[in-house]
Amino acid sequence: MDEIVIPAVKAQKTQQVEIFFKPFLPEGETVWLDENGATPSYHNLKADDPNKWYDLPIRYLQELYPIQDILTEKLSVSAKQVIFKAYEGTEDLTYLCRVTADDGSIREYKYLARYSERPYLDEYPKLGKVHPGTGYIKVWVNGKELFNRILSTDLERIWDIYQKHVLPECKDYIEEKTKGEACADMQPFFQKLSLEVWASEPDYRTGSREDLISSLDALHEDMYFVGSDYFKNYGNQKSDEIFDAPGLILPVIHKREGAPSFRVTLYERQKEEPVIFCGGEEVLRQRERGRVSIKISKIFSRNGKLVTEILVKGVKENIVASYAELFSEGILSASEEMDEAYEIRFVGENGNTYEAAVPAKTSVPKECITEIDLHEKELIGYETYLEIIEALKGVEGIQVFRTARSYQGRALYGIWLMPEYEGYLSMTKRLNRCPSEIINARHHANEVSSTNAALILLKRLLTEENYQCLNEKLNLVIVPMENVDGAAIHYELQKEHPYWKFHVARFNAIGKEFYHDHFRQDTIHKEAMGLTRLFEKYVPDMIVDNHGVPSHEWEQQFSGYTSPSYKGFWLPRSLLYGYFWYVTNSEYKDNYPVNKKMEDVIADKIAEDEEMSAWNKEWSAQFEKYAHAWMPKLFPADYYKEMINYWIPFAFDKNHGYTSIRYPWITTVAYTSEVADETAQGEYLNLCARAHVAHDEATLQMLMEAIHIRKCGFTCRGGQIFAEYLRLRPMIVDNSGKR
């Protein structure tokens, strides 16, 4: 199109451009299968059909994106004058382009694309087949074809090495290391698999929205996700369990002219579990959780302070003594988290006691949030985030506290908007009086704008007059960056390729989706404990999880063009859309209206912003023309007030990941927002962040105006009086609602 069609017709006045694409189907197949694509499948494990094609029937339409924008710019036609149709003829071609001029003349151009066929995973061929684009050469002399041969591309040659050598050799290493007994509990099997590639391939921005043409970005995605699927299938067939945290699979891809290079390095951990060494000798090894018991045995008042007695079992006396000493000296982070009104007394197994005084708090310089550089239009990495957190510790009206440490030891923080009070604050009483909300950001670290949004929102809440009473009406906790290890990985990668998707940073430092480890006390993925602890402390009525999707198409040549577990996410559908995860049991039927009201206030808030509304409409038009119109189930678009929302129903499940399903009597709403921010930079990053802020503000306003029913009463039993004061859930968010 760029090299032949557009130059040939650019001088004429074009009336219409019709592009016919050949449906991508196995020979003899005519039925277009349309699967549900609203939510990811996460795991690509169904290995029962070696002849299954991963590619979609619209594969060759996908390859054209964003041709409409290019044609409208270069031929001065409107979007309506560019028409896509499925080719129904018998000629051996891939595309037929028919250009009609204003004078009625028609020019036709034909093109035949070539592809190769291979298993999605060479070692697991029953998963099905994929068809990456390939090269070919034809030679004619005097109209006679003398030579016609397929030529593998540089990327295909790299892919052959990855599939035939790298992945199998990694598996062999794991088998040797585990003596053939590999199982999920042994993960991670390695620290990092570095896949460094140098290649000469297209990698450029098109000028339309955030669109990008990059076979290198696509290769990065393929290497990560196909590698991840390899280990999942290895585990599934080895021990009937998936290996979803084998170690970090890290593609590092460089663009350069000339022949390609591929360098692979496997890094191992120094030790399989945490240990302390001194002078070359092992001093202490991490104890198994079940062998250590730490319990509060007594709380009493002494000299105006509350003394907490803690009974410790399963730990050597000298370790308990050392811990108490380090605590008193303020060396331990736990020292900072205790109020000075407390004293600690540790009691060892032998009955010996070890006093630990809570050290005086170090004074933090007072800061005004308007004077802190929040990097509102810059992508925020972990180190910059720590600088901001340190500055925020001096801001009045908030409490900044550590919630957990990650697998690699980085700190996670929560920010609580504190009420004004003196003396002791009973959280039990406060939770009974005020609803709670947790706003969680950057669970997937390559979804970058939610960190910026959290900080922008915080500044507004602390400086704008209409939020002056928020801390008296609501318990609000903001987590600006949950996946800190992923954020560190992403920040380094984006230095070379600032607009790539980098889903390698979606999960944690060893490839784990630690959402599945929330509420697991024994998890090695300690970042998961942050949200668990916040839930236990603030028992939230609502959790808003601010996420993101690619800002340009999500293509993977070696996976059927779309990512197999995320097929419905091929193309951005909106600047902002959302998911409501709601419970279907009749006893929790009053939760649903709160979700619906939230959908309403968010839609109204976005509609007030002309820029956001315009982006929503433009993206939805692209999504309709290239995706939803052809495969409506795989690319669903459920509109409400010009916004897309997906309603995901579940029956109550005590093991579910979303708290609205796991604890529906506590959490009324679990909402996931999605903005097209993988990877956003500059002004566009700020736009994505403001979209998050808009729906957060709408939700907060709804909560501040909510009505709460309280159950109060007294009963007498056995000569004693029992008082009851309970805030009933869910809240009422519409005056017309009834309880």
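Before reading on, note that the structure itself is shown above.
Computed from a prediction, not measured in an experiment: that's the story for all the values here.

A. Structural view of helix α14 (residues 591–607). Between its terminal C-alpha atoms α14 stretches 25 Å, which fits the 24 Å expected from 17 residues at 1.5 Å a residue. When we look at burial in α14, the residues that qualify are Asn591, Val594, Asn595, Met598, Glu599, Asp600, Val601, Ile602, Ala603 and Ile606.

B. Structural view of the pattern of salt bridges. Following the criterion strictly, the structure yields 51 salt bridges and no others. We note a salt bridge from Arg209 to Asp69, for which the minimum N-O separation is 2.7 Å. On the criterion of sequence distance, the pair formed by Arg209 in the loop between β10 (203–205) and β11 (212–214) and Asp69 in helix α3 (residues 67–74) is long-range, its members being 140 residues apart. A single burial state applies to Arg209 and to Asp69, both of which are buried. For Asp160, the salt bridge identified is with Lys164, shortest N-O distance 3.7 Å.

C. Fine view of the nonpolar core. Phe231 and Leu392 are the most contacted members of the largest nonpolar core, which totals 175 residues. Here this core takes 13 residues from helix α17 (residues 682–704), the largest share from any one element. Those residues within four positions of Phe231 in sequence are excluded, and the remaining contacts are Leu167, Cys170, Ile174, Phe190, Phe243, Pro246 and Ile249. In this structure, Trp416, Leu431, Phe519 and Leu534 belong to the second largest nonpolar core, which totals 15 residues.

D. How the structure looks around the sheet that holds strand β20 (residues 398–405). Here we have 9 strands laid out as an open sheet, ordered β20-β21-β23-β22-β24-β28-β25-β27-β26, and mixed in their pairing. Lying at the two open borders of the sheet, with one neighbouring strand each, are β20 and β26 (639–640). With 5 bridges connecting them, strand β22 (residues 436–441) and strand β24 (residues 542–550) associate as parallel partners. Each residue of the ladder has a partner; that of Asn440, found in β24, is Asp545. Lying on the sheet, α14 is in contact with β24, β25 (576–583), β26, β27 (643–650) and β28 (669–678); it crosses β27 at an angle near 165°.

E. Examining the packing of helix α4 (residues 154–177) against helix α5 (residues 215–239) more closely. α5 packs onto α4 with a crossing angle of 30° between their chain directions and a minimal axis gap of 11 Å. For the pair α4 and α5, the sense of crossing is right-handed. Residues Leu155, Ile158, Trp159, Tyr162, Gln163, Leu167, Pro168, Cys170, Lys171, Ile174 and Glu175 of α4 form the contact with α5, whose participating residues are Ser215, Leu219, Asp222, Met223, Val226, Gly227, Tyr230, Phe231, Tyr234 and Lys238. Of the residues contributing to the contact of α4 with α5, the split by class is 14 nonpolar, 3 polar and 4 charged.

Reading the values: the criteria
Residues numbered from 1 in each chain as written. Predicted model: local features only at pLDDT ≥ 70, side-chain atom pairs only at ≥ 80, totals over all residues. Heavy atoms only, no water. Helix = DSSP H or I, 4+ residues; strand = E, 2+ residues; numbered from the N terminus. Expected span 1.5 Å × (residues − 1). Buried < 20%, exposed > 50% of the residue type's maximum accessible area, 1.4 Å probe, protein only. Salt bridge = Lys/Arg side-chain N within 4 Å of Asp/Glu carboxyl O. Core = buried A, V, L, I, M, F, W, Y, C linked by side-chain atoms within 4.5 Å. Contact = heavy atoms within 4.5 Å. Pairing = 2+ DSSP bridges. Axes fitted to C-alpha atoms, helices over the stretch in contact; angles between N-to-C directions. Left-handed = near helix turned anticlockwise from the far one by under 90°. Nonpolar A, V, L, I, M, F, W, Y, C, P; charged D, E, K, R; others polar.

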